[in-house]
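Chain by chain, the residues:
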Number of protein chains: 4
Amino acid sequence: MIVVMQPGASQEQVQDVEARLRQFGFDIHPIYGVERTVIAAVGAPELDRNEAKEQLESLPWVEQVTLVLKPYKFVSKKFRERTMVAVNGLPIGGDLFVVMAGPCTVESEEQLFKTAQAVHQAGAHILRGGAFKPSTSPYSFHGLGRTALELLQQARAMTGMPVITEVMDPRQVELVCEYADILQIGTRNMQNYDLLREVGRARKPVMLKRGMWATYEEWLQAAEYIWLGGNEQIILCERGIRTYETYTRNTLDLNAVPAIRELSHLPIIVDPSHGTGRASFVPAMTRAALAAGADGVMIEVHPNPASALKDGAQSLTLDAFRELMRTLRPLAEVMGRRL
Amino acid sequence: MIVVMQPGASQEQVQDVEARLRQFGFDIHPIYGVERTVIAAVGAPELDRNEAKEQLESLPWVEQVTLVLKPYKFVSKKFRERTMVAVNGLPIGGDLFVVMAGPCTVESEEQLFKTAQAVHQAGAHILRGGAFKPSTSPYSFHGLGRTALELLQQARAMTGMPVITEVMDPRQVELVCEYADILQIGTRNMQNYDLLREVGRARKPVMLKRGMWATYEEWLQAAEYIWLGGNEQIILCERGIRTYETYTRNTLDLNAVPAIRELSHLPIIVDPSHGTGRASFVPAMTRAALAAGADGVMIEVHPNPASALKDGAQSLTLDAFRELMRTLRPLAEVMGRRL
Amino acid sequence: MIVVMQPGASQEQVQDVEARLRQFGFDIHPIYGVERTVIAAVGAPELDRNEAKEQLESLPWVEQVTLVLKPYKFVSKKFRERTMVAVNGLPIGGDLFVVMAGPCTVESEEQLFKTAQAVHQAGAHILRGGAFKPSTSPYSFHGLGRTALELLQQARAMTGMPVITEVMDPRQVELVCEYADILQIGTRNMQNYDLLREVGRARKPVMLKRGMWATYEEWLQAAEYIWLGGNEQIILCERGIRTYETYTRNTLDLNAVPAIRELSHLPIIVDPSHGTGRASFVPAMTRAALAAGADGVMIEVHPNPASALKDGAQSLTLDAFRELMRTLRPLAEVMGRRL
Amino acid sequence: MIVVMQPGASQEQVQDVEARLRQFGFDIHPIYGVERTVIAAVGAPELDRNEAKEQLESLPWVEQVTLVLKPYKFVSKKFRERTMVAVNGLPIGGDLFVVMAGPCTVESEEQLFKTAQAVHQAGAHILRGGAFKPSTSPYSFHGLGRTALELLQQARAMTGMPVITEVMDPRQVELVCEYADILQIGTRNMQNYDLLREVGRARKPVMLKRGMWATYEEWLQAAEYIWLGGNEQIILCERGIRTYETYTRNTLDLNAVPAIRELSHLPIIVDPSHGTGRASFVPAMTRAALAAGADGVMIEVHPNPASALKDGAQSLTLDAFRELMRTLRPLAEVMGRRL
């Protein structure tokens, strides 16, 4: 921790800060500059002394406090080089470029089964499908709930594909665990800490979507919550952030791919459907995600987007999905990935 | 709903859109321009036909779909002129400028009681204090939980001030209702829909903080969730949004005050502590909130910010709070508000 | 300057960084922590060694470089306590709350003179009016140019009010100086450095609007450009920043008022017309600006907004402006400001 | 243009709006809904009637005005399918994936020539190098000016590569045209309209970088300014936008690639150096740009980033650039592009 004192801070004020830092267990190294005094504090784990920064910043004679260490530990690259999350034998985070595909929302047996079979035949590895849906509008469709979970289970039996579905309420975690192979935490719940703790206790892999307002650091701190709950099977998913640009639904931040690679050992997946909000942009951004080094993508597919109950505008048709998979193969090969 | 067709859309494509709109129950008014055909659809409640917009936008021959009506109904100004939320006889949303004050987090009996008595004597109306705390870092303090709730109850008995505290987990709503006079939904949970539904069933007023990424429209849709649950006692709270400016913790969006006034009948409160993140900015922004027409403020106060477990940098000292209240009085009078 | 080395940096790498810092003229204070080495560099002016930070950050063995000092000097609070800019005897930055008012764009003699007389009678101090207009669309009106400047001069003769108008092109600075009392740099030109240098050489006060993407720091660095050109008569103007919220034209960042007060000695003005984009929000935000401690406001007024060539939606009518001025007086008194 | 009246608008108010629309030359189609009246106005070019929208929005009885057409014409996809910009025989916007590379700033003969030869040998097509540099800080290096232009000319003679360099001041356009093959408009000047008009009159291709705050629509309107000046040789360059994420210098918005493809016929280039601000992220994002369908990239390269006068942290070494070019070739082939 580096504490920069205000210019003109008195000797007493410098000593006050030093005393506080010592109380937190730090060793003190004061540096007396011409304009300012700077105090370096080392020798104690910053992570467990989070309040130190805020407390010192509340002192009028302190100008600025900078942390030297990252605010997370176990999900950090320094803890481990690379994590592979195994989903029913399917390894995520290795040389496989994993494709998760399926409808935004499970609407009916016919819709789900038709989509599941088509994406399976086209080469998708994991089936996505919403049972409990977060909707900005209270008047929108909120999913079929348990019925959808049962349909997903049947689709899995039919195709052999593992299933990913969102869980929104800590009270549903147990139920969803019975049916799903991966629990998805949606963007709106990235900082729903009780839910993070609950999935931290689950024995299923968790895919944590980035909050549309969240920095990489906050996202990794949210992952650390899950880790500390006891669950190390965490997959990150970049799905676009909120910016001033409204032509696209979100701004897909592919910088996140090399950034997360550098900061963490966890696998990183990209969701070009929410990241663009436009079906016609999904193929280009899927290819970009692969070329940027992502470990996979999650894509919304619907047999008839123009009758979808949700997210029709960003869903690929079955044909468009097949065509996309076809163009991905040579690209994956060049990138040294299996598809 | 206004549907703009792509230039060059065929007669069949126009008829396809018209047929779909009729199925949703709309009356159709096509307008044939030189470059484009525009179809106006009226006569049916858009709100219950949310999927229509998305479905039509997924058609390649549709360029753009604009909703004519707002995506919320009961919290809208058109439903009611003004709502007054009564908290133990204290009316929020009338001529009173309500001041909620207290520590970010309840840390100890001494800290809470000292703060409660001081803010009460200085003229605050409602006591705030965190029992369950959302923290970006899993290594930070998360609140004393039930112990804090009990201390808050004692502080209420001591001062007569109603108590507001945050609820984060749908499973805690019942517990928190036993102790609190107002349930607070924090910024990270503005789109935690299961929690919104749960407080919608509670018989206590709810203060809904704006998500740091949320538009006014999304914020009012979140309020509509609570309303539809059966709870009409809703207070909105602007607490700053996330922008590229990092010198302040958030960007306090005071435009929200006249905007919400125009769009909704619900009372609107401002939180200058989170909205700035700096204690030295809180007095200026509290005065600005009052002058902008807000119904009140929520302010973090701590007997010794430099030893606070959370948010020390943005907490006022007891003296600073007293001084602020002193300067607010003549301002309130000029603005026609009671303090 | 504080340099945090990567964990595991070798002794040679630490020495390399130390050698570079010494070459830049810094004294070196290395601190050896458990996980990392931190090097504090003091004793030389960071400001003149801007490249040091970037160069060090390009080294793979350096994790992070933090500057201790602000990247501006003369516009900083540390250089001077308070600057008063005198405009034809009118002091900006003192106890006067200065009101600049007038049409967005000078459209005609009748429109300008009518507005000028009305705002003058209502108590405005300075007349605004665009002669050269930046327009997002190349198809919009771009102002009457020199004709407008001449009309402004006549309006000044008629009312005695000093005149502020925008200059966009370094080649126009001399011309605009002949007519205007304050040169306005618009939001789009905040980082148009050749223009900043040119108005730095002018003998007229300059009002520098904040770039809609600019941090406080970048804004003050832009002001420093003007100062270094030789012109110390600088007024800052907060006019709203670009965020994801689109209901308002911009997000008016009133946090800028206490922030600039703390960081700089320059006067700060608020533009609620562009900051909201909606005439009905202007009175509330003008009052908020005054209560936040701003030194004045700039307001768009038009005799007939519904026939304005630009910015009609955010212009007050003459009646609305008069009414606003009436409500400002008691507020100014309470805030200890003259109006 | 679609005008939505306020609920409860009177018959007179509806007629007022209709009369105004007719005056602008529109044909009127009123639609009377249950809650609201909607007026569709067609048959006249919206583009030339920009003020209509703003004027109507200033009427209290109008709720919302939506434009049906895009606010630009000649740079639109509807005007032309695809534009190929020829730079000394090098076609940009076709099957070539053009690589522009070179130092941020021309610092010396040795630095420039060494870089030019290395990037040329590695396969770059165009040499970049700053002569006039925009710098946030007035204390930073601002470029060698004319001396740099002369060195660039020599480097071109030496390698045969065309040269791109930035022009910041309308007064420099003529000078820069003498030396450069492509004029670059930097991000800060995207809405510097006098500069846009000036390069619109030049006979050299112009590369227009996206303003870090600009929407696609505003960017294309800026391009339309250049077009209307008479210069149709325009290249767009996505270089990252400003968001709340600060780990990267900007957020590279690769959605812009499919978006611009859909909206415009102009070539689109990506700048991963500014788009990330970190040399280690440049290779991943260069590959992503190619896979997303961009027409090329612009990359900062320096023989010794740790001694660069600007942007060292984001500059590739000569070796890293060579290695990147090597990995691009098979990717380009798969994407059907020449390198």
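All residue numbers here refer to positions counted from 1 along the written sequence of the relevant chain. To label them, take the chains in the order written and letter them from A, then take the ligands in the order written and number them from 1. Thresholds applied to this predicted model are a pLDDT of at least 70 for local features of residues and 80 or more for the giving and counting of side-chain atom pairs; totals over whole chains, interfaces and linings are not thresholded and use all residues.

A.B. asks: Honestly, the overall build of chain A in this entry has me stumped. Any pointers?
C.D. replies: Helix and strand assignments come from DSSP, with helices taken as H or I runs of at least 4 residues and strands as E runs of at least 2, each series counted from the N terminus. Helix and strand counts for chain A stand at 11 helices and 14 strands. Structurally, chain A occupies a C-alpha span of about 75 × 45 × 40 Å along its principal axes. Across chain A, every contact between residues at least 6 apart in sequence was considered, and the portion connecting residues at least 24 apart equals 64%. The contact criterion used is a C-beta to C-beta distance within 7 Å, with each C-beta placed from the backbone.

A.B. asks: What is the right way to look at the interface of chain A and chain B in this model?
C.D. replies: Accessible area lost on assembly of the parts is the figure often given for the size of an interface. With 46 residues of chain A at the contact, the number on the chain B side is 46 residues. Mapped onto the side of chain A that touches chain B, the elements with two or more residues apiece are α2 (50-57), α6 (193-200) and α7 (216-228) of chain A.

A.B. asks: Teacher, can you tell me more about the sheet that holds strand β3 (residues 37-42) of chain D here?
C.D. replies: All names here are of chain D. Strand order across the open sheet formed by 4 strands is β2-β3-β1-β4, with antiparallel pairing between neighbours. Two strands close off the open sheet at either side, each with one partner strand: β2 (27-32) and β4 (62-66). Strand-to-strand twist across the sheet, computed as the mean angle between neighbouring axes with direction ignored, equals 20°. One requirement defines pairing of two strands: DSSP has to find at least two bridges between them. Note that β2 and β3 share 6 bridges and pair antiparallel. Fitted lines through C-alpha atoms give the axes, limited to the stretch in contact for helices. The angle between two N-to-C directions lies from 0 to 180 degrees.

A.B. asks: How should the relation of the copies chain A and chain B be read in this particular structure?
C.D. replies: Mapping between the two copies of the chain is achieved by a rotation about an axis and a shift along the axis. Only residues with pLDDT of at least 70 in both copies count here: their C-alpha atoms drive the least-squares fit that superposes the copies. Superposition of chain A onto chain B requires a rotation of 180° combined with a translation of 0.0 Å along the rotation axis, giving an RMSD of 0.0 Å. Taken together, these values place the two copies in the relation of a two-fold axis. In terms of proximity to the rotation axis, the leading residue of chain A is Trp213 of chain A, whose C-alpha is 2.9 Å off the axis. Interface overlap between copies: 100% of the residues of chain A at the interface are likewise at the interface in chain B, consistent with a symmetric, same-surface contact.

A.B. asks: Where do I start with the pairing of strand β10 (residues 182-185) of chain D in this structure?
C.D. replies: It is a general feature of regular strands that their side chains alternate between the two faces of the sheet. All names here are of chain D. Remark: C-beta atoms are placed from the backbone, and a residue is labelled buried if 20 or more other C-beta atoms sit within 10 Å of its own, exposed if 12 or fewer do, or partly exposed between those counts. Burial along β10 is two-sided: the face carrying Ile182 and Gln184 and the face carrying Leu183 and Ile185 are both buried. Bridging between strand β9 (residues 163-166) and β10 involves 3 bridges; their strand directions are parallel. Paired with Glu166 across the two strands is Gln184, which belongs to β10. What joins β9 to β10 is helix α5 (residues 173-179), and the crossover it makes is right-handed. As paired elements, β10 and strand β11 (residues 206-209) share 3 bridges and run parallel to each other. Its bridge partner lying in β11, Ile185 is registered against Leu208. Assignment of crossover handedness uses the view with strands pointing away from the viewer, where a clockwise path from the first strand over the helix to the second indicates a right-handed crossover. Between the parallel pair β10 and β11, the chain is carried across by helix α6 (residues 193-200), and the sense of this crossover is right-handed.

A.B. asks: Looking at this model, I keep getting lost on the interface of chain C and chain D. Mind explaining?
C.D. replies: Every contact between the two is made by 46 residues of chain C and, on the other side, 46 residues of chain D. Of all elements in the fold, only α2 (50-57), α6 (193-200) and α7 (216-228) of chain C reach the threshold of two or more residues within the side of chain C that touches chain D. Classification convention: Asp, Glu, Lys, Arg as charged; Ala, Val, Leu, Ile, Met, Phe, Trp, Tyr, Cys, Pro as nonpolar; all other residues, Gly among them, as polar. Of the residues belonging to the side of chain C that touches chain D, the class tally is 20 nonpolar, 13 polar and 13 charged.

A.B. asks: Explain the domain arrangement of chain A to me, please; I cannot follow it from the model alone.
C.D. replies: An automatic or database domain assignment supplies the residue ranges for each domain. Structurally, chain A comprises domain 1 (2-66) and domain 2 (85-334). Relative placement of domain 1 of chain A and domain 2 of chain A: their C-alpha centres are 44 Å apart.

A.B. asks: Mind showing me how you'd approach the sheet that holds strand β14 (residues 296-300) of chain A here?
C.D. replies: All names here are of chain A. Spatial ordering of the closed barrel is given by β7-β8-β9-β10-β11-β12-β13-β14, a layout of 8 strands whose pairing is parallel. Strand after strand, the sheet turns through a mean of 25° between neighbouring axes, direction not considered. Pairing of strand β7 (residues 98-102) with β14 involves 5 bridges; the strand directions are parallel. Pairing of Val99 across the sheet is with Val297, part of β14.

A.B. asks: Help me out: how do you make sense of helix α11 (residues 318-334) of chain A in this one?
C.D. replies: Note that an α-helix has 3.6 residues per turn; residues three or four places apart therefore point the same way. Residue and element names in this part refer to chain A. With 17 residues, α11 should cover 24 Å at 1.5 Å per step; its first-to-last C-alpha distance of 25 Å lies within 8% of that length. If you check which residues of α11 are buried, you get Phe321, Leu324, Met325, Leu328, Leu331, Ala332 and Val334. Once α11 ends, the next one or two residues include Gly336, with phi positive near 70°. Given the number of residues in a helix, its expected span is that number minus one, multiplied by 1.5 Å.

A.B. asks: Is there a simple way to think about the pairing of β3 of chain D in this case?
C.D. replies: Residue and element names in this part refer to chain D. A large share of β3 lies buried, amounting to 6 of its 6 residues. The side-chain alternation of β3 yields two buried faces, one formed by Thr37, Ile39 and Ala41 and the other by Val38, Ala40 and Val42. Examined bridge by bridge, strand β1 (residues 2-5) and β3 share 3 bridges and lie antiparallel to one another. Opposite Val3, over in β3, you have Ile39 as the bridge partner. Between β2 and β3, which pair antiparallel one after the other, the connecting turn spans 4 residues.

A.B. asks: In this structure, what is going on with the relation of the copies chain C and chain D? I would like to understand it.
C.D. replies: Overlaying chain C with chain D gives an RMSD of 0.0 Å, the required rotation being 180° about an axis along which the chain moves by 0.0 Å. Mapped onto chain D, 100% of the interface residues of chain C again fall at the interface, so both copies present the same surface.

A.B. asks: I keep staring at unusual backbone geometry and nothing clicks. Help me out?
C.D. replies: Residues and elements named next belong to chain A. One non-glycine residue, Asp311, lies in the positive phi region at around 60°. Residue position: Asp311 is located in the loop between β14 and α11. Exposure remark for Asp311: the 24 C-beta atoms within 10 Å place this residue in the buried category.

A.B. asks: So what exactly am I meant to see when it comes to the packing of helix α10 (residues 282-292) of chain B against helix α11 (residues 318-334) of chain B here?
C.D. replies: Axes are the key here: two packed helices are described by the angle between their axes and the distance separating the axes. Residues and elements named next belong to chain B. The contact between α10 and α11 brings their axes to 10 Å, and the two run at 20°. Relative to α11, the element α10 is oriented roughly parallel. The handedness of the crossing between α10 and α11 is right-handed. Here α10 contributes Pro283, Thr286, Arg287, Leu290 and Ala291 to the contact with α11, which in turn contributes Leu324, Thr327, Leu328, Leu331 and Ala332. Of the residues that constitute the contact of α10 with α11, the class distribution is 7 nonpolar, 2 polar and 1 charged. Note on angle classes: values under 35 degrees are labelled roughly parallel, values over 145 roughly antiparallel, values of 65 to 115 roughly perpendicular, and the remainder oblique. Rotating anticlockwise by less than a right angle from the far helix to the near helix defines a left-handed crossing, while the corresponding clockwise rotation defines a right-handed one.

A.B. asks: What should I look at first to understand the confidence of the model for chain A in this one?
C.D. replies: Low-pLDDT portions of the prediction should not be read for the details of their coordinates. Known as pLDDT, the predictor's confidence for each residue is given on a scale from 0 to 100. Counting all residues, the mean pLDDT for chain A is 94, and 100% of those residues have values of 70 or more. This prediction of the complex comes with two scores: 0.96 for pTM and 0.95 for ipTM.

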